[in-house]
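An overview of the molecular structure
Here is how the chains run, residue by residue.
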Amino acid sequence: MRSSFMRRKPGMKKKSPTPNRTVSRPRSTEPATKTINLALQGGGAHGAFAWGVLDYLLEDGRLKFEGVSGTSAGSMNAVVLAYGLHVGGADEARAALARFWQAVSEAGDRYSPLKAMPWEDPSRHWNNDESFAFQFFKTLTNTFSPYQLNPNNFNPLKDILEQQIDFDSLRTCTKTKLFLSATSVQSGNVKVFNTNEVTADAVMASACLPFMYQSVFIDGEPYWDGGYMGNPSLFPLFYNTDARDVLIVHINPIKREGNPTTQHEIEDRVNELSFNSSLIKELRAVAFVQKLLDEGWLKPEFRDQMKYVLIHSLRADVVLKDLSTASKLNTDWAFLLNLRDRGRAAAAQWLADNYDDVGKRQTVDLRAEFLNSGSEMKESVIPTKPVRAPARRK
């Protein structure tokens, strides 16, 4: 796919105008809105943080979304967002997201096995690692499979999706391109469901944690949560959209200070590392392609076929650092509203800091952030001739 790419290397300064000439840029030359792609991570109830991000971006109105790639809770946010935009624009999308998360909370009130006990402090229950209910639930799910614990495969989230979204209508949506990631249980590959393939089952496949829910079968193939192989997948946005800018809305902190020592701290960090690994690998690949383009390693006929992607990142490292993995199962309405408000504040700050850069330059230093092992991106010359192995002595 032919697309424009950055002509000026990152870090290079523009030439200053001549002293006797005044250069001005009328405000009218700036577009009223800018078009970007969204990449929404999964993370259970922490997806309400992304709800807040989306709510603020929709309210602000300066960014439009061409493609949305989502996984797990990110897939749920993605389909609700796209459906709202499809039937009623930004205001309806905001209302649809609010309705969805309120329905999630109400379902949790009715069905969740993780409610606080009468003797437990509700204000501390957000991080419910030590609660009686969570410890009992953890023991059950570590001992029995969902085929034993939930033989009827009951999942209220599917009912919520089917009640609030007309998937037949959504599959005809032309305003937003959807890409939902699930993991093929048999092949281990990521499966991306495009807009015309999106069903309630596809969303549930993207959010199927195998220790809690039975595999979701689509066309005879079982699927698990997409977070194992794409959280979220970025590549569909590169190949199937025109927009160069990709804003990643993180749910799982990438960096965390300190050394985990307790059992639940270790489990939390393993969870964060596991569900960030596929995304980091894709970002490494993006950095490598950028290096090829920046340093002229490709012939012109190949270079012109490459898309120079601009990566932006709304990180959760600080804003969600006080929350444990166990809180991803907390659907208390006050907790979800707190996450929404954190997301709105984070989006407001991100826009204030980075809006002017959208469409011009990326706001993440991929090499510094993700390519710091010391070996893979050294400034070296690619050999022009193959190196021959020494001949063996007879």
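The structure this text deals with has already been given above.
Residues numbered from 1 in each chain as written. Predicted model: local features only at pLDDT ≥ 70, side-chain atom pairs only at ≥ 80, totals over all residues. Heavy atoms only, no water.

1. Some points on the overall build of the protein chain
Looking only at helices and strands, the protein chain has twelve helices and eight strands in total. For the protein chain, the exposed area adds up to about 20,900 Å²; of that, 53% sits on carbon and sulfur atoms. (Helix = DSSP H or I, 4+ residues; strand = E, 2+ residues; numbered from the N terminus. Areas by Shrake-Rupley, 256 points an atom, 1.4 Å probe, with all protein chains shown as cover.)

2. Topic: helix H9 (residues 263-294)
The end-to-end C-alpha separation of H9 is 45 Å, in line with the 46 Å expected for 32 residues at 1.5 Å each. Maximum bend of H9: about 40°, positioned at Ser277. Trailing H9 by a residue or two, Gly296 shows a phi angle of about 65°, which is positive. (Expected span 1.5 Å × (residues − 1). Bend = angle between axes of the 7 residues up to and from the residue.)

3. Here's the deal with the pairing of strand S8 (residues 310-314)
The side chains of a regular strand alternate between both faces of the sheet. Burial of S8 is extensive: five of the five residues sit out of reach of the surface. Burial of S8 is two-sided: the residues Leu310, His312 and Leu314 facing one way and the residues Ile311 and Ser313 facing the other way are all buried. Inspection of the sheet shows strand S7 (residues 245-249) paired to S8 by five bridges, in the parallel sense. When the sheet's bridge partners are listed, Val249 is paired in S8 with Leu314. (Buried < 20%, exposed > 50% of the residue type's maximum accessible area, 1.4 Å probe, protein only. Pairing = 2+ DSSP bridges.)

4. Quick look at the pattern of salt bridges
Going through the model one piece at a time under the given rule, you end up with 21 salt bridges. In this structure, Asp201 engages Lys158 in a salt bridge whose closest nitrogen and oxygen atoms are separated by 2.8 Å. Here Asp201, found in helix H7 (residues 200-206), pairs with Lys158, found in helix H5 (residues 156-164); they are 43 residues apart in sequence, far enough to count as distant. What makes Asp201 partly exposed here is its relative accessible area of 30%. Two residues, Arg342 and Asp322, come together in a salt bridge whose shortest N-O distance is 2.8 Å. With Arg342 in helix H11 (residues 333-354) and Asp322 in the loop between S8 and H11, this pair connects stretches of sequence that are 20 residues apart. (Salt bridge = Lys/Arg side-chain N within 4 Å of Asp/Glu carboxyl O.)

5. Description of the pairing of strand S3 (residues 177-184)
The buried fraction of S3 amounts to seven of the eight residues, a majority that puts the element mostly inside the structure. As paired strands, strand S2 (residues 63-71) and S3 are joined by five bridges and run parallel to one another. Within S3, the position partnered with Val68 by the bridge is Leu178. Sheet topology places S3 next to strand S4 (residues 190-194); five bridges connect them, and they run antiparallel. By the bridge assignment for S4, Leu180 is matched with Phe193. Here S3 hands over to S4 after five residues, with Gly188 in that stretch at a positive phi of 80°. Here S3 pairs with strand S6 (residues 221-225) via three bridges, running antiparallel. Bridging across to S6, Ala182 finds its partner in Asp225.

6. Considerations on the nonpolar core
In terms of nonpolar packing, the biggest core is built from 68 residues, with Leu38, Leu63, Phe65, Val79, Leu81 and Leu170 touching the most fellow members. At 16 residues, the largest contribution of residues to this core is made by helix H2 (residues 73-111). Formed by 18 residues, the second largest nonpolar core is a distinct cluster that contains Val192, Ile254, Val286 and Ala287. (Core = buried A, V, L, I, M, F, W, Y, C linked by side-chain atoms within 4.5 Å.)

7. Quick notes on the environment of Ile251
Within the secondary structure, Ile251 is located in the loop between S7 and H9. Look at Ile251 and you get buried, because its relative accessible area is 0%. Between the alpha carbons of Ile251 and Gly44 there is a distance of 9.2 Å; along the sequence they are 207 residues apart. If sequence neighbours within four positions are ignored, Ile251 has contacts with Gln41, Gly42, Gly43, His46, Gly47, Phe49, Ala50, Ala316 and Leu320. (Contact = heavy atoms within 4.5 Å.)

8. Considering empty space enclosed by the protein
Overall, the coordinates contain one cavity of 30 Å³ or more when judged by the stated rule. Empty space within the largest cavity amounts to approximately 60 Å³. Residues that form the lining of the largest cavity fall into these classes: four nonpolar, four polar and three charged. (1 Å grid on protein atoms, 1.4 Å probe; cavity = no way out; pocket = protein on both sides within 12 Å on 5 of 7 lines; lining within 4 Å. Points joined across faces, edges and corners; volume = space filled by probe spheres on them. Nonpolar A, V, L, I, M, F, W, Y, C, P; charged D, E, K, R; others polar.)

9. Some thoughts on the packing of H2 against H5
Running from N to C, H2 and H5 cross one another at 145°; their axes reach a closest spacing of 9 Å. As for the relative orientation of H2 and H5, their crossing is right-handed in sense. Residue-level inspection shows Met76, Val79, Tyr83, Ala96, Arg99, Phe100, Ala103, Val104, Ala107 and Tyr111 of H2 in contact with H5, the latter providing Pro156, Leu157, Ile160, Leu161 and Gln164. Tallied by class, residues from the contact of H2 with H5 come to 13 nonpolar, one polar and one charged. (Axes fitted to C-alpha atoms, helices over the stretch in contact; angles between N-to-C directions. Left-handed = near helix turned anticlockwise from the far one by under 90°.)

10. So, unusual backbone geometry
The bulk of non-glycine residues show a negative phi, and the bulk of peptide bonds are trans. The residue after Asn231, namely Pro232, is reached through a cis peptide bond having omega -10°. Turning to its location among the elements, Pro232 is positioned in the loop between S6 and helix H8 (235-240). We note that Asn153 has phi near 55°; this positive angle belongs to a residue other than glycine. Turning to its location among the elements, Asn153 is positioned in the loop between helix H4 (146-149) and H5. By relative accessible area, which is 34% here, Asn153 ends up partly exposed. Unusually for a residue other than glycine, Asp219 sits at a positive phi of about 55°. Looking at where Asp219 falls in the secondary structure, it is placed in the loop between strand S5 (216-218) and S6.

11. Structural notes on helix H1 (residues 47-60)
The end-to-end C-alpha separation of H1 is 20 Å, in line with the 20 Å expected for 14 residues at 1.5 Å each. Where burial is concerned, most of H1 is hidden: eleven out of the 14 residues are buried. Gly47, Ala48, Phe49, Ala50, Trp51, Gly52, Val53, Leu54, Asp55, Leu57 and Leu58 are the residues of H1 that are buried. On its buried face, H1 is in contact with strand S1 (34-40), S2, H2, S7, S8 and H11.

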